[in-house]
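Coordinates in review
The lines below spell out each chain.
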Amino acid sequence: EDDAAGSTRRRVLGFCEMDLLLPRGWSLKTAFDYEDPDSSESGDEVNRVTAAAEWFATQYLQFRFLWRRTDRPPEVLGVSFQNDRELVLEAHLFL
């Protein structure tokens, strides 16, 4: 991508996910995200790891419990925090 000064920055993105389907509507999921916003600079990489358990209670209702860890240097895109740890419970209704 080109910035305001007209120079080109090369961005590297990566994503990998693995799902394990279990009986009775359960599945386990793990994912890894990688972003290097400018490959010419070292130390600006962002890594995110996610682990989740999902349950389809019915054909139209899904619950997801996930843990996510994000590691990034504090200067990436002006973010004032360095590392995140999240626990999330989601409910999805499919109509």
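Please read these numbers as outputs of a predicted model, since none were measured by experiment.

1. Examining the overall build of the protein chain
- The secondary structure content of the protein chain amounts to zero helices and five strands.
- Listed by position from the N terminus, the elements making up the protein chain come as β-β-β-β-β.
- Here the analysis covers contacts within the protein chain between residues at least 6 apart in sequence; of these, 34% occur between residues at least 24 apart.
- A total accessible area of about 6900 Å² is found for the protein chain, and carbon and sulfur atoms account for 58% of it.

2. Quick look at the packing of aromatic side chains
- Tallied over the entire structure, the rule returns three aromatic pairs.
- With 5.8 Å between their ring centres and 20° between their planes, Trp 26 and Trp 55 make a pair best called stacked. Of this pair, Trp 26 sits in strand E2 (residues 26-36) while Trp 55 sits in strand E3 (residues 46-58), and the two are 29 residues apart along the sequence.
- Judged by its relative accessible area of 32%, Trp 55 is partly exposed.
- Relative to Phe 63, the ring of Trp 55 has its centre 6.1 Å away and its plane inclined at 20°; by these criteria the two rings are stacked.
- In this structure Phe 63 comes out as partly exposed when scored by relative accessible area, which is 31%.
- Connected via pairs of aromatic rings, a cluster forms that spans Trp 26, Trp 55 and Phe 63.

3. Focus on the side chain of Thr 50
- Within the element layout of this structure, Thr 50 appears in strand E3.
- Residue class for Thr 50 comes out buried when judged on its relative accessible area of 9%.
- Polar side-chain contacts of Thr 50 include one of 3.2 Å to the side chain of Arg 68.
- Once you skip the residues sitting within four places of it in the chain, Thr 50 turns out to touch Lys 29, Thr 30, Ala 31, Leu 66, Trp 67 and Arg 68.

About the criteria used
Residues numbered from 1 in each chain as written. Predicted model: local features only at pLDDT ≥ 70, side-chain atom pairs only at ≥ 80, totals over all residues. Heavy atoms only, no water. Helix = DSSP H or I, 4+ residues; strand = E, 2+ residues; numbered from the N terminus. Contact = heavy atoms within 4.5 Å. Areas by Shrake-Rupley, 256 points an atom, 1.4 Å probe, with all protein chains shown as cover. Phe/Tyr/Trp six-rings, centres within 6.5 Å; stacked < 30°, edge-to-face > 60°. Buried < 20%, exposed > 50% of the residue type's maximum accessible area, 1.4 Å probe, protein only. Polar contact = N/O pair within 3.5 Å; in protein donor to acceptor, adjacent residues only side chain to side chain.

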